[in-house]
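# Architecture and fold: a report
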Amino acid sequence: MDNNTVRIHDKQFKIFITKEEIRSRINEMGWEVSKKYKDLKPVFVPILNGSFMFAADFVRACSFDSDMMFVKIKSYDGMSSTGNINLELGFSGKIKDRHVVIIEDIIDTGNTLVEFIKETEKLNPASITVVSLLLKPDAVKHDIPMDYIGYRIPNAFVVGYGLDYDDLGRTLPDIYQLDE
Ligand code: 5GP
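Worth saying up front: this structure is predicted, and the values here are computed from it rather than measured. (Residues numbered from 1 in each chain as written. Predicted model: local features only at pLDDT ≥ 70, side-chain atom pairs only at ≥ 80, totals over all residues. Heavy atoms only, no water.)

### Quick word on the nonpolar core
Grouped together as the largest cluster of nonpolar side chains are 27 residues, with contacts concentrated most on Phe54, Phe58 and Leu134. Broken down by secondary-structure element, the contributors of at least two residues to this core are α1 (19-37), α2 (52-60), β7 (99-107) and β8 (127-135). Residue contacts for leucine 134: discarding those within four places in its chain leaves Ile17, Asp105, Ile106, Ile107, Tyr151, Ile153, Val158, Leu163 and Ile175. Judged by nonpolar contacts, the second largest core, of 20 residues, contains Val100, Ile117, Ile128 and Leu135. (Core = buried A, V, L, I, M, F, W, Y, C linked by side-chain atoms within 4.5 Å. Buried < 20%, exposed > 50% of the residue type's maximum accessible area, 1.4 Å probe, protein only. Helix = DSSP H or I, 4+ residues; strand = E, 2+ residues; numbered from the N terminus. Contact = heavy atoms within 4.5 Å.)

### A short note on unusual backbone geometry
In this structure, the amide linkage connecting leucine 48 to the following residue, asparagine 49, adopts the cis form with an omega of 0°. Among the structural elements, asparagine 49 can be located in the loop between β3 (43-48) and α2. The backbone of tyrosine 161 shows a phi angle near 50°, a positive value even though the residue is not glycine. With respect to the helices and strands, tyrosine 161 occurs in the loop between β10 (158-159) and β11 (175-178). Overall, tyrosine 161 belongs to the buried group, its relative accessible area being 6%. Residue aspartate 166 is not a glycine yet carries a positive backbone phi of 45°.

### A closer look at the site of the ligand
Taken together, 15 residues lie near the ligand, and Thr109, Gly110, Thr112, Lys136 and Val158 sit nearest. Residue assignment for the shell around the ligand shows that the elements contributing at least two residues are β7 and α3 (111-121). For the shell around the ligand, the element with the most residues is β7, which contributes four residues. Of the residues in the shell around the ligand, the class split is six nonpolar, four polar and five charged. (Near = heavy atom within 4 Å. Nonpolar A, V, L, I, M, F, W, Y, C, P; charged D, E, K, R; others polar.)

Written as structure tokens, this is what we have:
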């Protein structure tokens with residue numbers, strides 16, 4: 001095995017997006033988001049666990065006043081296309097009239113996000129937008145505000161940079177794709 005492949009549990013993964021590429025793309029995303037939000041003191045809302053690494057790097061690329069509230073979502077088993085989410089850790093402060101910037105690691109079907117956006121809307125924020133490092137355009141089933149996307153990727157399973165495969169692989173600094 002070389003540096004370009006990793007084995008996690010029973011599967012082989014190959015390098016897909018390097019940490020250098022991730023860093024440079026996040027700086028661009030931070031710049032884009034800053035243009036719109038720099039005077040709005042938004043609240044960044046990273047969805048745990050997967051987005052913790054991206055969120056830490058992304059907020060450092062946003063050099064303006066903001067604050068953060070972490071939420072943790074558990075999707076019920078056998079989630080249907082309508083989705084059903086359980087907020088294991090909810091908002092820790094006031095959302096009404098705030099500009100909410102949800103931070104996601106990856107949007108696959110979009111089920112989780114669409115349900116979470118509905119929950120957030122009930123709290124009457126001033127606005128809601130979504131920043132996601134990755135998006136699988138061929139898998140997404142909902143009309144979600146997707147103004148700030150790092151990479152549009154094929155429908156293959158990815159790990160690393162916060163994303164796990166059965167609890168392993170989260171701490172890899174690069175992103176790897178299933179090697180089939
Ligand atoms: P969605 O509700 O959009 O279908 O997916 C929600 C969650 O599924 C993501 O936040 C992520 O935790 C997980 N997920 C989706 N695709 C992948 C993937 O390719 N790799 C990993 N590790 N998790 C994924």
